[in-house]
Amino acid sequence: MQQLNVNLSIPIPADSVLISKVELEELKRNELTGVYWNMKDLEKRISKKSEWIKENILFPTRFRKILDAEHGGFVYYPKSQGQTWSFQASKMSEFLDKHFASIFTSFS
């Protein structure tokens, strides 16, 4: 069998870097670590208004028992007027991905 050895140089633009797929996935996972969303952030993230989010995600019992921080979840439900919603971004993002089908097929 014949073999050919080639030395090849491929220029990488100065504004770019090469990283492994593993590193890229880790960076994506860590992007939301330590980040908290308010309701406006969540609205922007999923392109739905707060009324829809409350009706279809936050208040249905099957989701609230998972989400509510009082039950070990990652969403702070305001207890009085003037308090704001707070969502642990990494876990809320994961929840939305995992429950996409059941969110959009609930009671339709």
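See above for the structure.
Given the structure is predicted, the values throughout are model-derived calculations rather than measurements.

Caption draft 1: Summary view of the overall build of the chain. When helices and strands are tallied, the chain shows six helices and three strands. Across the chain, helices and strands are ordered from the amino to the carboxyl terminus as α-β-α-α-α-β-β-α-α. Taken over C-alpha atoms, the radius of gyration comes to 21 Å for the chain, far larger than the 13 Å a tight globule of 108 residues would show. C-alpha atoms of the chain, sized along the principal axes, occupy 75 × 30 × 25 Å.

Caption draft 2: Structural view of the packing of aromatic side chains. Applying the stated criterion across every chain, the model contains eight aromatic pairs. With 6.3 Å between their ring centres and 45° between their planes, Phe59 and Tyr77 make a pair best called tilted. One end of the pair, Phe59, is in the loop between α3 (50-58) and α4 (61-67); the other, Tyr77, is in the loop between β2 (75-76) and β3 (86-88), with 18 residues separating them in the sequence. On the basis of relative accessible area, Phe59 is assigned to the partly exposed category, the value being 43%. According to the relative accessible area criterion, Tyr77 is buried, its value standing at 4%. Grouping aromatic residues by their ring pairs yields a cluster made of Phe59, Tyr77, Trp85 and Phe87. A cation sits over an aromatic face here: Lys48 above Trp52, 4.9 Å from the ring centre.

Criteria and thresholds
Residues numbered from 1 in each chain as written. Predicted model: local features only at pLDDT ≥ 70, side-chain atom pairs only at ≥ 80, totals over all residues. Heavy atoms only, no water. Helix = DSSP H or I, 4+ residues; strand = E, 2+ residues; numbered from the N terminus. Rg over C-alpha atoms; globule rule 2.2 N^0.38 Å. Phe/Tyr/Trp six-rings, centres within 6.5 Å; stacked < 30°, edge-to-face > 60°. Buried < 20%, exposed > 50% of the residue type's maximum accessible area, 1.4 Å probe, protein only. Lys NZ or Arg CZ within 6 Å of the ring centre and 35° of its normal.

So far we have only geometry, and geometry alone does not tell us how the molecule works.
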